[in-house]
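Fold and geometry: a report
The primary structure of each chain is shown beneath.
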Amino acid sequence: MDRLADYRGKRDAARTPEPVPSDSGERLTAGNAERDAGPAGIFVVQEHHARRLHWDFRLERDGVLVSWALPKGVPDDPAVNHLAVHTEDHPLEYATFNGEIPKGEYGAGSVSIWDHGTYESGKWTDHEVKVTLHGERLHGGYVLFATGSRADGRAEANWMIHRERLPLPSGVKPMLAARGRPAAGDLDNWAIEMKWDGVRALAFCENGRTAIASRTGKDISRTYPDLLGLARAVGHRQALLDGEIVAFGPGGQPDFEALQPRMHVSSAAQAERLAVTTPVTFLAFDILQLDGRSLLAVPYSERRRILQPLIPNDPSWLIPPQFSGPDLDAVLAASLSSGLEGVVAKRLDSRYEPGDRSGNWLKIKNLLRQEVVIAGWKPGKGNREGRIGSLLVGVYDDGALLYCGHVGTGFTDVAMRMLEERLRPLRRGDSPFDGAATGSSVPGSTVPPEYARPAIWVEPRLVIDVEFDRWTRAGRMRAPAYRGLRDDIDPADVVRET
């Protein structure tokens, strides 16, 4: 069978710049049966401004380009099918064709390459074609299927094309920022974002449903019912978003204390009530996957470009602004005057590194903040008689829990009651601190006797956030104040930030 007979019959090589191979007498075997899956060849999508604009979708097969015309282009949305009109096979040389087909000729108009790459075949019959594309624009699985059959059993000319919905990745942890500052001469290669005082979270959007996961991978969707409409806001797109859950105070600044009751909600009914009295906002500042395409290897600047039009701003979700690297000092000053924690600098060309504290993201803080593990408490005196006087806290280094100070200020009555309830079942008879660890890079010290003697020890399972002036030479925090309980952080991940 001459696979290119129809193609040649519609074109005059003397009148069109399209490749028109001569009839060499070669005949190709018709491939009606299902073929083996695996590597198949090249694909190309050409934008064709003919009498009506359409896109030509072509797959290499048996020495030709099997072709479909797509009036509405290749679908982005897995919930929508697009018409695919099965056309004549084209020669392989057509994969690189860009040009103008003269007026009066078949398909007259301009042709340009919209995307190209390779593909793998999962299934190929006369009625269904399943492929996985690896292009510059198109990635992932697509299915072309015939809408009916002719009397001779062959497929009708009109098909449909459908984008397959790939699963969202599981077990992904957010990328973290190291402490540092970009070199002054390298600021053009960085972008600056505000550092928000909230709870880091990943939002999984698929089929109109939203799932929220904490930094540790815990499902916290029921805790934030006011964020579950996010998937509907992005339409039918499948997306994995990275961001921060923030409660804004009356002045418009993030209020971590106000967020505390939301973080530790115990029932769905309570979460619904708190969503009304203390609403939160999901600040989406990165995107890891879109419509089945992983964006982890895509540069940060391109990920932000993809993210920007995806989410319409709403009281419950928005995309926070970013600023150019050379404006670092001005943005840092603005963060300080706005009562924010600081800023995060991100390299424009950096990939997303799940779970890593990478030097491609650097945090510059206005105030020192540290996550610490509660190892015990010293009973209070006076108006705190019978209650917690101060918390004895530590950080891990090489697996050793090292004492780094005691926290006795910053507690509200509500926070104090919550800590007492959470610590009561964790009591133990001895100290969980390891003291001065041999070979440790962090100065170690034993707990001072005035705290150790009356101390009530607990299993080191609760993490809190503290604010303090500086680290002392002994490896302790100077003047630490309680900021909040962090259920979203694994105690084993708590190390001193230098």
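Residues numbered from 1 in each chain as written. Predicted model: local features only at pLDDT ≥ 70, side-chain atom pairs only at ≥ 80, totals over all residues. Heavy atoms only, no water.

Next up on the list: helix α5 (residues 300-307). Within α5 the residues assigned to the buried category are Tyr 300, Arg 303, Arg 304, Ile 306 and Leu 307. Across the axial projection of α5, the buried residues extend over an arc of 160 degrees, all falling on one side. (Buried < 20%, exposed > 50% of the residue type's maximum accessible area, 1.4 Å probe, protein only. Helix = DSSP H or I, 4+ residues; strand = E, 2+ residues; numbered from the N terminus. Arc of directions from axis to C-beta.)

Our focus in this paragraph is the confidence of the model for the chain. With 92% of its residues at a pLDDT of 70 or more, the chain has an overall mean of 88. Note that pLDDT drops below 50 for residues 25-38; the model gives that stretch 25 contacts with residues more than four away or on any other chain. Here residues 436-442 is a poorly scored stretch, pLDDT under 50, and it has twelve contacts once near neighbours within four places are set aside; other chains count. (pLDDT = per-residue confidence, 0-100. Contact = heavy atoms within 4.5 Å.)

This part covers the sheet that holds strand β20 (residues 342-347). The mixed open sheet is built from five strands, whose spatial order is β11-β21-β20-β12-β19. With one partner strand each, in any of the chains shown, β11 (176-179) and β19 (322-324) form the two edges of the open sheet. Across the sheet, the mean angle from the axis of one strand to that of its neighbour is 40 degrees, orientation sign disregarded. As judged from the three bridges shared by strand β12 (residues 190-195) and β19, these two strands associate in the antiparallel manner. Note that in β19 the partner of Glu 193 across the bridge is Gln 322. Contacts between α5 and the sheet are confined to β12, β19, β20 and β21 (357-365), with β12 contributing the most and set at about 60 degrees to the helix. Those strands touched by helix α6 (residues 328-337) are β12, β19, β20 and β21, and its axis lies near 150 degrees from that of β20. (Pairing = 2+ DSSP bridges. Axes fitted to C-alpha atoms, helices over the stretch in contact; angles between N-to-C directions.)

This next bit is on the pairing of strand β8 (residues 128-135). Across the two faces of β8 the burial differs, with Val 129, Val 131, Leu 133 and Gly 135 buried and Glu 128, Lys 130, Thr 132 and His 134 not buried at all. Pairing of strand β7 (residues 109-124) with β8 involves seven bridges; the strand directions are antiparallel. Bridging across to β8, Glu 120 finds its partner in Thr 132. In this structure, the hairpin formed by β7 and β8 is closed by a connection of three residues. Examined bridge by bridge, β8 and strand β9 (residues 139-146) share seven bridges and lie antiparallel to one another. Counted as the bridge partner of Glu 128 is Phe 145 from β9. Where β8 folds back on β9, the antiparallel hairpin that results is connected by three residues.

Moving on to the nonpolar core. Grouped together as the largest cluster of nonpolar side chains are 40 residues, with contacts concentrated most on Ile 374, Leu 391, Val 393, Leu 419, Leu 423, Ile 464 and Tyr 482. Elements with a minimum of two residues in this core: β22 (368-379), β23 (388-397), β24 (400-407), α7 (413-423), β26 (456-458), β27 (463-468) and β30 (481-485). Leaving out residues up to four positions away in the same chain, Ile 374 has contacts with Leu 391, Leu 392, Val 393, Leu 419, Leu 423, Val 458, Glu 459, Pro 460, Arg 461, Leu 462 and Ile 464. (Core = buried A, V, L, I, M, F, W, Y, C linked by side-chain atoms within 4.5 Å.)

The subject of this paragraph is the pattern of salt bridges. Tallying each qualifying case throughout the model produces 37 salt bridges. With a shortest N-O distance of 3.1 Å, Asp 197 and Arg 369 are connected by a salt bridge. Highlighted residues: Asp 197 in the loop between β12 and β13 (199-206) and Arg 369 in strand β22, separated in sequence by 172 residues. Of the two residues, Asp 197 and Arg 369, both sit in the buried class. The residue Arg 428 makes a salt bridge to Asp 430 at a minimum N-O spacing of 2.9 Å. (Salt bridge = Lys/Arg side-chain N within 4 Å of Asp/Glu carboxyl O.)

Within this structure, the stated rule accounts for eleven aromatic pairs. Ring centres of Phe 433 and Trp 457 lie 6.2 Å apart, and the angle between their planes is 85 degrees; this geometry places the pair in the edge-to-face category. Placement of Phe 433 in the loop between β25 (427-428) and α8 (449-452) and of Trp 457 in strand β26 is noted, with a sequence separation of 24 residues between them. With respect to class, Phe 433 is no different from Trp 457; both count as buried. (Phe/Tyr/Trp six-rings, centres within 6.5 Å; stacked < 30°, edge-to-face > 60°.)

Further remarks concern the environment of Trp 457. In this structure Trp 457 comes out as buried when scored by relative accessible area, which is 10%. Placed 297 residues apart in sequence, Trp 457 and Met 160 show a C-alpha to C-alpha distance of 66 Å.

What follows covers unusual backbone geometry. Among all residues save glycine, negative phi is the norm, and among peptide bonds the norm is trans. The phi torsion at Asp 398 lies on the positive side, around 50 degrees, for a residue other than glycine. Relative to the assigned elements, Asp 398 resides in the loop between β23 and β24. With phi around 55 degrees, Ala 479 is a residue other than glycine that occupies positive phi space. For Ala 479, the location among the structural elements is in the loop between β29 (477-478) and β30. Look at Ala 479 and you get partly exposed, because its relative accessible area is 48%.

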